[in-house]
Amino acid sequence: MLPLVRSVWDEPRPPDPPARVWRDWALVGVLVPVALLEGLLRPDLPWRVVSVAVTVGLIPTLLWRRSRPLLVVMIVFGTTSLAPLLTGGDPVETYTMAYLLLVVYSLVRWGAGREAVIGFAIMLVAVLLSIAFDRLAPADVVAAFAVMFSAVALGGALRYRARARMRELDQVKMLEREQLARDLHDIVAHHVSAMAIRAQAGLATSASRPNAATEALHVIEAEASRALAEMRAMVRVLRRNQPADLAPGRRVTDLRQLASQGASGPSVDVEIPDDLGELTPSVEAAIYRLAQESVTNARRHARHATRVEVRVTADDTSVRLRVSDDGDTGSVRPPAPPGYGLIGMIERAELLGGTCEAGPNPDRGWTVTAVLPRTGAAA
């Protein structure tokens, strides 16, 4: 019990409570004339002037029920508890004062945990004083607590719902950040790696082939243009004041652009079946990015590799991607800092309900295998 009380006491206030909005002013503007009409038209209202004055005087506190919920509770229940001193012990009872339930609701919905505990204590003292001075019949205590706890339950439920919604939004933001991180890594790593490889090849062959530097510069220019185009497309989506790029994303057929027979680096051979069928855009984009990252890794890390094979197959339920190279896995390579490429590939496949595995071949080379459901259902 003590840990529960401590957790409630340490509960912070919900972030960014809404300020006074037009609905609050409209509510005050409606309740004031309603209280005045009740004072004029209700024949059985005791201490008419005092009751109407207290009711009308407490209505403006609703404007601060979100920003100062505990202060409003103290003012409202303190005033209603002391008002009988002016009426000879008779309670101030108007139908319009049902708006006090909004004060109880706001205390739970917008107050901190310690504010709610202190506010409950104040309300409990007010009820006990009413019982002690015979202002509230014992039979009405159950009804009073039932109504009060109904407002408390409603405030707690909406507070929990808002917090769950906030956690859901935070999770969506985190997934979007991870998605952007994977896309940025795939785009930048692929194109920059291609530019670095061509630049190294141009430098290595510039002595024997004077035109090698010019050819390398042409390739570097083309890769840089593609990288800038894809980066600008992502920026257009991210900027709120720019319309999103509605052009279709990468497709499986775009894998043929990865094929190359250049003199520098291993050649890339791509094989895609003609009867692949319809795939969801998310699956097609994932297949392309996984293959792109695998080819980039093979070009960067596969020692003495001469060939990279990209194979896509499919059946009625899933699509399978296999990227393998014939590099020398037995050569010793200096340790390199861990990157995010393989981690991003695994996460990308898991988000679509698939799998991605990478490892050395029994004889030589490295193979990346990814299996994705055709529907791209999230895991």
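The shown structure was predicted, so the numbers you read here are calculated from the model rather than taken from an experiment. (Residues numbered from 1 in each chain as written. Predicted model: local features only at pLDDT ≥ 70, side-chain atom pairs only at ≥ 80, totals over all residues. Heavy atoms only, no water.)

Draft legend 1. Examining the overall build of the chain more closely. Of regular secondary structure, the chain possesses 10 helices and 5 strands. Sorting the 379 residues of the chain into buried and exposed places 38% on the buried side. Contacts in the chain between residues far apart in sequence, at least 24 positions, make up 71% of those at least 6 positions apart. When the accessible area of the chain is evaluated, it comes to approximately 22300 Å², of which 63% is carbon and sulfur surface. (Helix = DSSP H or I, 4+ residues; strand = E, 2+ residues; numbered from the N terminus. Buried < 20%, exposed > 50% of the residue type's maximum accessible area, 1.4 Å probe, protein only. Contact = heavy atoms within 4.5 Å. Areas by Shrake-Rupley, 256 points an atom, 1.4 Å probe, with all protein chains shown as cover.)

Draft legend 2. Spatial organisation of the nonpolar core. Val76, Phe77, Tyr99, Val104 and Met123 are the most contacted members of the largest nonpolar core, which has 30 residues in total. Elements represented by at least two residues in this core include exactly α2 (22–41), α3 (48–58), α4 (69–82), α5 (100–110), α6 (113–132) and α7 (138–205). In terms of residues, this core owes the most to one element, α5, which gives 6 residues. Counting residues in each nonpolar core, the second largest holds 29 residues, with Ala286, Val308, Val319 and Leu352 among its members. (Core = buried A, V, L, I, M, F, W, Y, C linked by side-chain atoms within 4.5 Å.)

Draft legend 3. Region of the structure containing the sheet that holds strand β2 (residues 307–314). The mixed open sheet is built from 5 strands, whose spatial order is β1-β2-β3-β5-β4. Whereas interior strands pair on both sides, the edge strands pair on one side only; in this sheet they are β1 (267–271) and β4 (355–360). Here the strands of the sheet are splayed against their neighbours by 10 degrees on average, with no regard to which way each runs. Pairing of β4 with strand β5 (residues 366–373) involves 6 bridges; the strand directions are antiparallel. Bridging across to β5, Pro360 finds its partner in Trp366. In the packing of helix α9 (residues 281–301) onto the sheet, the strands contacted are β1, β2, β3 (318–325) and β5, and the crossing angle to β3 comes to about 10 degrees. The sheet contacts of helix α10 (residues 341–351) involve β4 and β5, and relative to β4 the element is tilted by about 145 degrees. (Pairing = 2+ DSSP bridges. Axes fitted to C-alpha atoms, helices over the stretch in contact; angles between N-to-C directions.)

Draft legend 4. Layout of the UniProt feature "transmembrane region" (unreviewed entry) in the chain. The positions that UniProt labels "transmembrane region" (unreviewed entry) are, in the present scheme, residues 47–63, 70–86, 92–108, 115–133 and 139–158. Across residues 47–63, helical content stands at 65% and strand content at 0%; the span's end C-alpha atoms are separated by 27 Å. Helix makes up 100% of residues 139–158 and strand makes up 0%, while its end C-alpha atoms are separated by 30 Å. (UniProt positions renumbered as here; feature names shortened; annotations may be inferred.)

Draft legend 5. Representation of the pattern of salt bridges in the model. Within the structure shown, the criterion is met by 14 salt bridges. The residue Arg165 makes a salt bridge to Glu168 at a minimum N-O spacing of 3.6 Å. With Arg165 and Glu168 both in helix α7, this residue pair falls 3 residues apart, about one helical turn. In this structure, the salt-bridge partner of Arg307 is Asp269, at a minimum N-O distance of 3.3 Å. (Salt bridge = Lys/Arg side-chain N within 4 Å of Asp/Glu carboxyl O.)

Draft legend 6. The pairing of β1, seen in detail. Two strands pair when backbone bridges link them, and β1 and β2 are joined in this way by 5 bridges, in the parallel orientation. Its bridge partner lying in β2, Ser267 is registered against Arg307. In this region the chain leaves β1, passes through α9 and returns to the parallel neighbour β2; the handedness of that crossover is left-handed. (Right-handed = clockwise from strand over helix to strand, strands pointing away.)

Draft legend 7. Structural detail: the packing of α9 against α10. Direction vectors running N to C along α9 and α10 enclose 160 degrees, while the axes themselves pass 10 Å from each other. Our classification of the angle between α9 and α10 gives roughly antiparallel. α10 is crossed by α9, and the crossing has left-handed handedness. The segment α9 lies against α10, with Ala286, Arg289, Leu290, Glu293, Ser294 and Asn297 engaging Gly341, Met345 and Arg348. Among the residues forming the contact of α9 with α10, the class breakdown is 3 nonpolar, 3 polar and 3 charged. (Parallel < 35°, antiparallel > 145°, perpendicular 65-115°, else oblique. Left-handed = near helix turned anticlockwise from the far one by under 90°. Nonpolar A, V, L, I, M, F, W, Y, C, P; charged D, E, K, R; others polar.)

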